[in-house]
Amino acid sequence: MIIEVKEITSENIDEILGKLKKSPKKTIAKHYGKLKRGIDGMAYQKTVRNEWS
């Protein structure tokens, strides 16, 4: 997207920013608590990867 502005004012900036698509924030909150504590991370990875084969 190319936006051409001849005069830069606060109103122009607000208008341009309003036109841009806003992407949702990426967070890891949805994954929090999915893996039980006390499991060795490396051992877990090896187990999961072996299940794929």
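Preceding this paragraph is the structure being described.
As the structure is a prediction and not an experimental result, all values here were calculated from the model.

Caption draft 1: The arrangement of the overall build of the chain in detail. Of the regular secondary structure elements, the chain holds 2 helices and 0 strands. Relative to its full complement of 53 residues, the chain shows a buried share of 0%. Surface exposure of the chain reaches about 6,000 Å², of which carbon and sulfur atoms provide 56%.

Caption draft 2: Layout of helix H2 (residues 41-52). The first and last C-alpha atoms of H2 sit 17 Å apart over 12 residues, in line with the 16 Å expected at 1.5 Å per residue. Of all 12 residues in H2, 0 are buried; the element is thus mostly exposed.

Caption draft 3: Region of the structure containing a nonpolar patch on the surface. A grouping of Ile-8, Ile-13, Leu-17 and Leu-20 is seen on the molecular surface, where their side chains present a nonpolar patch of about 380 Å² in accessible area. Among the structural elements, Ile-8 can be located in the segment before helix H1 (10-19).

The rules behind the values
Residues numbered from 1 in each chain as written. Predicted model: local features only at pLDDT ≥ 70, side-chain atom pairs only at ≥ 80, totals over all residues. Heavy atoms only, no water. Helix = DSSP H or I, 4+ residues; strand = E, 2+ residues; numbered from the N terminus. Buried < 20%, exposed > 50% of the residue type's maximum accessible area, 1.4 Å probe, protein only. Areas by Shrake-Rupley, 256 points an atom, 1.4 Å probe, with all protein chains shown as cover. Expected span 1.5 Å × (residues − 1). Patch = residues over 30% accessible without salt bridge, like charges linked within 9 Å, V, L, I, M, F, W, Y side chains within 5 Å. Salt bridge = Lys/Arg side-chain N within 4 Å of Asp/Glu carboxyl O.

Spatial relationships are all this shows, so hold off on functional conclusions.
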